[in-house]
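What follows is each chain in one-letter form.
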Amino acid sequence: MPATVVVGTQWGDEGKGKITDTLSERADVVVRFQGGNNAGHTIVVGDERFVLTLIPSGVLYPQVTPVIANGCVVDPAVLLDEMATLAARGIDPSRLRLSANAHLIMPYHRKLDAVMERYLGRQMIGTTKRGIGPAYMDKFSRFGIRVQDLFDPKIFRQKLETALKDKNRQLVKVYNQLAMDPEPIAEEYLAYGERLHDHVTDTSLLVWEAIRDGKNVVFEGAQATLLDVDHGTYPFVTSSNPTAGGACTGTGIGPGLIDEVLGVAKAYISRVGSGPFPTELDNEIGERMVEIGGEYGTVTGRRRRCGWLDAVALRYAVRVNGLTRIALTKLDVLSHFDTLRVGVAYDSLEKRYSEFPRQQRILYNCQPVYEDLPGWGIDISSVSRYEDLPKEAQRYVEFVEEQAGVPVTTVSVGPSRAATLERG
Ligand code: IMP
């Protein structure tokens, strides 16, 4: 697995943290390439539960160099807090490396995220309100402030003043808020810079050298394919590229260096926030999925919307990410249902879609076409070999594989590291 990209194939919360953690056991470098502290990765080690929002889950392994690459947006207070929490639990965060080119989430980004959502009213996106969207907006409008600016107080203050002039106009005139004062922000952030100084480096070079030297590198995506700003269900998306191509731009390495792209798919689907969701179950079955699957957001605690697995969306994820294999997670949750459904196409008034439709309107108005499969009705959470799964559970996995057109190589039946079954 020299260079493996791990991406979510749905709307996030597929269990990428656990799968990346499993791969990290043999990794030398684990890289976060997009997003910020809007992500929440839960990893269970023995009796301990770790929730990481920004630091790659590989930090839990002493041989791994965890990297936050240029494609990320970084809230330095959150990062320092996460590092301190890890240190207090005996995990050494000193190996963490942070790209000098990553953009900073500033206090006005968090403020704007909240007021812009309020302004949208019923059309709200349902963001995590961590300032992610406004930070990426500044990156692309070239008002952004980067990690490297923390080490040049004069430039930092200049950039901050320019950005704030624009932000204060928006805050006061459009959103009826108080203006923000640059000086306390400069003092706060320059102090963060001093504390982060030794972690900051050229992470593109670091990752390139690791690949050149034949080391194992894992690229850990946050969010997921259908939340991608280009390929997801826009505008109900995040503001970065969680699809596999984002690993290249978000790290500064070329596509030819990637060996594998592993897609993580939950055995059913969930989504937090607004937006279309063809196989959503707004009924008692969906409610049971939420409760049995513990489908509440790691970062915001919000209840996730749940529904049957959508093979149309999965094929789309295979295509736009160039997936070479799939890890299917939370299969144990389906043990509680007698009949399992998988959406294999969408019916609209005009036609049947077996590929993800070009027009988003279809996603709102279509009827999913389902294939039904028998459930297995017994607890599988302590099964430790794929061959020991009930034949109905194996059939479900094979069906997903047939629909996706790429192999399902890993099946997860519980949160612990042991509950990960490899298929031969
Ligand atoms: P933002 O990333 O905070 O701007 O939120 C944009 C959309 O992405 C909202 O629908 C969020 O609920 C969703 N989102 C962001 N991060 C995650 C995640 O890690 N898992 C699931 N949904 C997410």
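Structure: see above.
Right, let's walk through the structure included here.

Reading the values: the criteria
- Residues numbered from 1 in each chain as written.
- Predicted model: local features only at pLDDT ≥ 70, side-chain atom pairs only at ≥ 80, totals over all residues.
- Heavy atoms only, no water.
- Helix = DSSP H or I, 4+ residues; strand = E, 2+ residues; numbered from the N terminus.
- Rg over C-alpha atoms; globule rule 2.2 N^0.38 Å.
- Buried < 20%, exposed > 50% of the residue type's maximum accessible area, 1.4 Å probe, protein only.
- Near = heavy atom within 4 Å.
- Polar contact = N/O pair within 3.5 Å; in protein donor to acceptor, adjacent residues only side chain to side chain.
- Nonpolar A, V, L, I, M, F, W, Y, C, P; charged D, E, K, R; others polar.
- Expected span 1.5 Å × (residues − 1).
- Pairing = 2+ DSSP bridges.
- Contact = heavy atoms within 4.5 Å.
- Axes fitted to C-alpha atoms, helices over the stretch in contact; angles between N-to-C directions.

Summing up its helical and strand segments, the protein has 12 helices and 19 strands in all. What you see for the protein is a C-alpha radius of gyration of 22 Å, in line with the 22 Å of a compact globule of 424 residues. Its C-alpha atoms give the protein principal-axis dimensions of roughly 65 × 50 × 40 Å. Residues classed as buried in the protein amount to 57% of the 424 residues present.

The next subject is the site of the ligand. In the vicinity of the ligand, 15 residues are found, and the nearest of them are Asp13, Asn38, Thr128, Thr238 and Arg302. Taking asparagine 38, its side chain carries an N or O atom lying 2.9 Å from an oxygen atom of the ligand. With respect to the ligand, the backbone of valine 272 contributes an N or O atom lying 3.3 Å from an oxygen atom. Along the lines of polarity and charge, the residues of the shell around the ligand split into six nonpolar, seven polar and two charged.

What follows covers helix H3 (residues 107-120). If you check H3, its first and last C-alpha atoms are 20 Å apart, about what 14 residues at 1.5 Å a residue would give, namely 20 Å. Where H3 terminates, the next one or two residues include glycine 121, which has phi positive at roughly 55°.

This paragraph deals with unusual backbone geometry. Going from tyrosine 234 to proline 235, the amide bond is cis rather than trans, its omega being 5°. With respect to the helices, strands and loops of the structure, proline 235 is situated in the loop between strand E10 (217-220) and helix H8 (245-249). A positive phi is found at aspartate 13, a non-glycine position, where the angle reads about 60°. Its place among the elements puts aspartate 13 in the loop between strand E1 (3-8) and helix H1 (16-24).

Here we come to the sheet that holds strand E2 (residues 29-32). Strand pairing in a sheet is mediated by backbone hydrogen bonds. Such pairs are either parallel or antiparallel. The strand order across the open sheet built from 10 strands is E9-E7-E5-E2-E10-E1-E11-E14-E18-E19, with neighbouring strands paired in mixed fashion. Only two strands of the sheet have a single partner each, and these edge strands are strand E9 (200-201) and strand E19 (420-422). Summarising the sheet, strand E18 (residues 408-412) and E19 pair through three bridges and their orientation is antiparallel. Paired with serine 412 across the bridge in E19 is threonine 420. Contacting E1, E2, strand E5 (65-68), strand E7 (97-99), E9 and E10, helix H7 (residues 203-212) crosses the sheet at an angle of about 135° to E10.

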